[in-house]
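Overview (structure and organization)
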Amino acid sequence: PKYDLKTRKCIGAEALVRWESKELGFLPPGKFIPLFESNGFITQLDFYNLEHVMEFQRDAKRKGLPVLPISVNQSRQHMREEGYLQRVQELVDVYSTDGIELELTETAFDVLGEALRVHSLDIVQRLHGMGFSIDMDDFGSGYSDLSLLNQLPLDVMKIDRSMLLASEGSERMQTVLRQMIELGHALGMKVICEGIETEEQEQLLIACGCEYGQGFLYGKPMRRADYENFLRAHA
């Protein structure tokens, strides 16, 4: 779940993937996502996840539940995938883009060759044109290409947890964090910080002007049915 830091109300969620293997048991993403990225299966997983989220939003509307934005990660491999936009459009035609955010990382544009970079930027522009909100995930976790803030139609800036941890006990990093949040707001983006686990971290973010948060302080990953009940209680 994602929360308003001041009201503690749920304002959305992120769709995560876990693998329950009969042979290997319960596997967190770090155990299988790198494998899927190396063998190309990640693109199929992304589409599986995206369709399930679009279906959930359609069913939530029918059930009278709040249709709060849910973000879905999209791998950088889609930037090279033939027929990617057509396949996404087919899902949009069946469901809709209502309440769907696509999360991209800066590494999606850290590609070889200017032509492929321009192609990747065009893909994101067209996804935005379909009606998807676009999130920049893990912002501040590495080398941040600020030119992307001008080239991409970004709606949400997601600040990486590493920035929050670095800001604890460091006035210098708190200044960096505060300026990053102000930059996001000045560019018309919602700003959310990931990985909040303590009330002290929450108060630090509020003091820096951050509006939204995500992390174990508010809620852990949950199954679909549990999230429906969660929505009824916290939205």
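Structure: above.
To keep things clear, this report deals only with the structure shown in the data block. Going along each chain's sequence as written, the residues are numbered from 1 onward. Thresholds applied to this predicted model are a pLDDT of at least 70 for local features of residues and 80 or more for the giving and counting of side-chain atom pairs; totals over whole chains, interfaces and linings are not thresholded and use all residues. Each side-chain value is derived from all of the structure's non-hydrogen atoms; neither hydrogens nor water enter the calculation.

**Focus: the layout of surface pockets**
Heads up, the rule is: In this analysis the probe radius is 1.4 Å and the grid spacing 1 Å, with only protein atoms considered; a cavity is a set of points the probe fits into but cannot get out of, a pocket is an open set with protein on both sides within 12 Å along at least five of seven lines, and lining residues have an atom within 4 Å of a point. Grid points are joined across faces, edges and corners, and a volume is the space filled by probe spheres set on the points. Put simply, DSSP H or I for four residues or longer makes a helix, DSSP E for two residues or longer makes a strand, and each gets a number counted from the N terminus. Each residue gets one label: Ala, Val, Leu, Ile, Met, Phe, Trp, Tyr, Cys and Pro are nonpolar, Asp, Glu, Lys and Arg are charged, and the others, such as Gly, are polar.
Quantified by volume, the largest pocket comes out at close to 1800 Å³. Along the walls of the largest pocket sit 45 residues, with Glu14, Ala15, Leu16, Val17 and Arg18 positioned nearest its centre. For the lining of the largest pocket, the secondary structure elements donating two or more residues are β2 (10-14), α1 (29-39), α2 (42-63), β5 (70-73), β6 (100-105), β7 (133-139) and α9 (224-234). No other element matches the 8 residues that α2 contributes to the lining of the largest pocket. The residue makeup of the lining of the largest pocket, split by class, is 18 nonpolar, 11 polar and 16 charged.

**Observations regarding the pattern of salt bridges**
Cut-off, in case you're wondering: For salt bridges, the criterion is a side-chain nitrogen of Lys or Arg within 4 Å of an Asp or Glu carboxyl oxygen. A 1.4 Å probe rolled over the protein chains alone gives each residue an accessible area, and that area as a share of the maximum for its type sets the label: buried under 20%, exposed over 50%, partly exposed in between.
Scanning all chains against the criterion turns up 16 salt bridges. One salt bridge connects Glu103 with Lys158, and the closest N-O pair in it is separated by 2.9 Å. Note that Glu103 is positioned in strand β6 and Lys158 in strand β8 (residues 156-159), a separation of 55 residues in sequence. Accessibility expressed as a relative area gives 1% for Glu103, which makes it buried.

**Some remarks on the environment of Glu82**
Examined against the element boundaries, Glu82 turns out to sit in the loop between β5 and α3 (84-94). Since its relative accessible area comes to 80%, Glu82 is described here as exposed. When the C-alpha positions of Glu82 and Gln174 are compared, they lie 43 Å apart, and in sequence the two are 92 residues distant.

**Some remarks on the pairing of β5**
Put simply, the test is: Only when DSSP finds a minimum of two bridges between them are two strands counted as paired. Throughout, right-handed denotes a crossover for which the path from the first strand over the helix to the second runs clockwise when the strands point away from the viewer.
Inspection of the sheet shows β2 paired to β5 by 2 bridges, in the parallel sense. Across the sheet, residue Glu14 finds its bridge partner in β5, namely Ser71. Pairing geometry for β5 and β6, over 4 bridges, is parallel. Its bridge partner being in β6, Ser71 is matched across the sheet by Glu101. You can see the chain leave β5, run along α3 and come back into β6, and the turn it takes is right-handed.

**Topic: helix α7 (residues 171-186)**
For the record, the criterion: Multiply 1.5 Å by the residue count of a helix minus one, and that product is the helix's expected span. Directions drawn from the helix axis to the C-beta atoms are what define this arc. Contacts are assigned to residue pairs that have any heavy atoms within 4.5 Å of one another.
The terminal C-alpha atoms of α7 lie 22 Å apart, and with 16 residues this matches the ideal 22 Å at 1.5 Å per residue to within 8%. For α7, the complete set of buried residues consists of Gln174, Leu177, Met180, Ile181 and Gly184. Buried residues in α7, looked at end-on, bunch into an arc of 125°, giving them a common side. In α7, the exposed positions that point more than 90 degrees away from the buried face belong to Glu171, Arg172 and Ala186. Tucked inside the fold, the buried residues of α7 contact β7, β8, α6 (161-167), β9 (190-193) and α8 (199-207).

Worth remembering: the numbers are spatial, not functional.
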